[in-house]
Amino acid sequence: MSKASTNQNALGEPDESTRLLADAEHGGTTEPSRARGPTPLPKAQLAALVTVRIVDPIAYTQIFPYINQLLADLHIAAPEQVGFYSGFIESAYSLGEAFSVYHWGTLSDDIGRRPVVIFGLIGIAVSTIAFGWSTSLVAILASRFLGGLVAGNIAVLHSILVEITDDTNQNIAVPIYSLAWSTGTIVGPLIGGTLANAATRYPKYFSWPVFVDHPYLPPCTITAVCAFFGTGLGYLLIEETLPSKRQGAVSRVPGGTPPSASDIDLCLTDTRSASAKALLEIPALRALALSGLALSFLSSAFDVVFALFCYAPVDTGGLGLQPSTIGNLLAFAGTLAVLLRLVALPYILRRFDYATTYNTCMYLWPVTFALLPLFNALAHPPPHPEMSMSPGAGTATTTEIGIWIGLALVLALSKVAAIPYSITMLLIKRHAPARSGSRPTPTTTTGTGSALGRSNGLVQLAMCLGRAVGPVVVSALFTALNGSTWARQWGINWMWSVVMVGFAAVGARVTKGIR
């Protein structure tokens, strides 16, 4: 009998709550598992995991449609400096994640996945409410940074996913799980764009004094409700998946057998030896960390500059759209991402090499950044006075229709370029450290390494750093060039796009290290 089958029997047959060990956990290959047919998915666990995962993108993106207007309303920044400050605020969330994500992963390897996830959800709810009450730049930055600190447990959710699946069913589970981020990026902007200034727009329902005094509290309140709902669902349905902490969870499952003492000892020994330095000595994990940094830098930079570009007036390099319209555009982008993951991603994961797909998608980022300034060139000068570019503003001209089609195309390209996010967790699982005497060693199989939480945390740390730096860099470039009179006079205010195309080309080159 092979080691793979021995390990599986030691933990009982897979069901809704048990961990589905990969066939090659200690050195096998992936082909036998593929030939055997897909393992049944733990549907309840996966559904709960997806629902909980949605909370983070909702909290992250719900401010995008109104953040620039919020800064203007609070007189925190002059109109031409709004983009600069909004970049810092959007980066504060990711900076908080960067400070905490590796430590959350490490903690989950020690105390278990479940308590870390639940604590993080409560923290997201509290910090989002605090953001809605904020009336100063310091309070806004502090609440966003706190939200990022507690949201750093996303690496733990990734670990749970790969611990409840194996190589035979990941092409189904990963696209479903990836829908969480896409769905969150639909719901978040819709909440923010629809409920910002709700007391003015919907006085029948939001005329309470607290909403009049804090016009951006309504979207934050709804976001917090989503986080509390996720907390309850996670508490009720998410089972513990860390091998050393699973005895109680498995014993409640009919037919489940607790992990053996040797399994637990192996996990604890390997986990203690897997320091960040040792993990970075593994070439595959090091390449994934660098590539994740580049991917998150470009993705977050695009998300921020797209909203800023749409908000900025036409004569300062943008399109002059209203927050509600921007929210609808971002929700449309999220819908595209959902369709992509439902229709295309399962086929891509089944038919194509992970590394090749990752590299190919990264080459789309230069194109997305290069196209944006063209739409401002089409909109300036406007086809008619006081062009609003908003639906319902009158009969659209041919130019306006072309701009809307172009925006849809760019958003679609950005979502295809973000496919590597879904592939990253599979590559981490493949290369997470397995057993060694004194230090972690990589596996080239689909086995689940005992330092999976740390490995996910390390790569997510790099991604969070990219997500923290990207918005600051791109918003500073956009604001500096489009807010400069001489840059507009010389016609070089679009150079921010050239710089970002250069960054994107370098990022695509960095991913060549992934194998």
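Remember, it's a predicted structure, so these values are computed and weren't measured experimentally.

**So, the pattern of salt bridges**
Pairing between side chains of opposite charge can happen when their charged atoms approach one another.
Logical step 1: Applying the stated criterion across every chain yields a total of 4 salt bridges.
Logical step 2: One salt bridge in this structure joins Arg467 and Glu97, with 2.3 Å as the shortest N-O distance. Here the residue Arg467 occupies a position in helix α23 (residues 452-482), and Glu97 occupies one in helix α5 (residues 82-111), the gap between them amounting to 370 residues. Of the two residues, Arg467 and Glu97, neither departs from the other in class, the shared state being buried.
Logical step 3: Put simply, Asp109 and Arg113 hold a salt bridge, and the shortest N to O gap is 2.7 Å. Each member of the pair, Asp109 together with Arg113, is buried.
Logical step 4: Residues joined by salt bridges that share partners form a network here, namely Asp109, Arg113 and Glu163.

**Remarks on the environment of Thr241**
Logical step 1: By the element assignment, Thr241 lies in the loop between α13 (217-237) and α14 (247-251).
Logical step 2: By relative accessible area, which is 2% here, Thr241 ends up buried.

**Comments concerning the side chain of Asn359**
Logical step 1: With respect to the helices, strands and loops of the structure, Asn359 is situated in helix α19 (residues 354-362).
Logical step 2: Asn359 sits in the buried class, given a relative accessible area of 10%.
Logical step 3: If we ignore the near neighbours within four places in the chain, the residues touching Asn359 are Thr511, Lys512 and Ile514.

**What about unusual backbone geometry?**
Logical step 1: A positive phi angle, near 55°, is found at His75, a position not held by glycine.
Logical step 2: Within the secondary structure layout, His75 lies in the loop between α4 (67-73) and α5.
Logical step 3: With phi around 55°, Asn197 is a residue other than glycine that occupies positive phi space.
Logical step 4: Here Asn197 lies in the loop between α9 (170-195) and α10 (198-201).

**Some details on the confidence of the model for the chain**
Reading predicted coordinates in detail is not appropriate for stretches of low pLDDT.
Logical step 1: Across the chain, the average pLDDT comes to 77, with 80% of residues at or above 70.
Logical step 2: At the low end of the mean pLDDT range in the chain sits helix α1 (residues 3-10), at 37; at the high end sits helix α6 (residues 113-133), at 93.
Logical step 3: The low-confidence segment residues 248-273, where pLDDT is below 50, has 45 contacts with residues more than four positions distant or belonging to other chains.
Logical step 4: In the predicted structure, residues 383-393 sits below a pLDDT of 50 and forms 23 contacts with residues beyond four places in sequence or in another chain.

What counts and what doesn't
- Residues numbered from 1 in each chain as written.
- Predicted model: local features only at pLDDT ≥ 70, side-chain atom pairs only at ≥ 80, totals over all residues.
- Heavy atoms only, no water.
- Salt bridge = Lys/Arg side-chain N within 4 Å of Asp/Glu carboxyl O.
- Helix = DSSP H or I, 4+ residues; strand = E, 2+ residues; numbered from the N terminus.
- Buried < 20%, exposed > 50% of the residue type's maximum accessible area, 1.4 Å probe, protein only.
- Contact = heavy atoms within 4.5 Å.
- pLDDT = per-residue confidence, 0-100.

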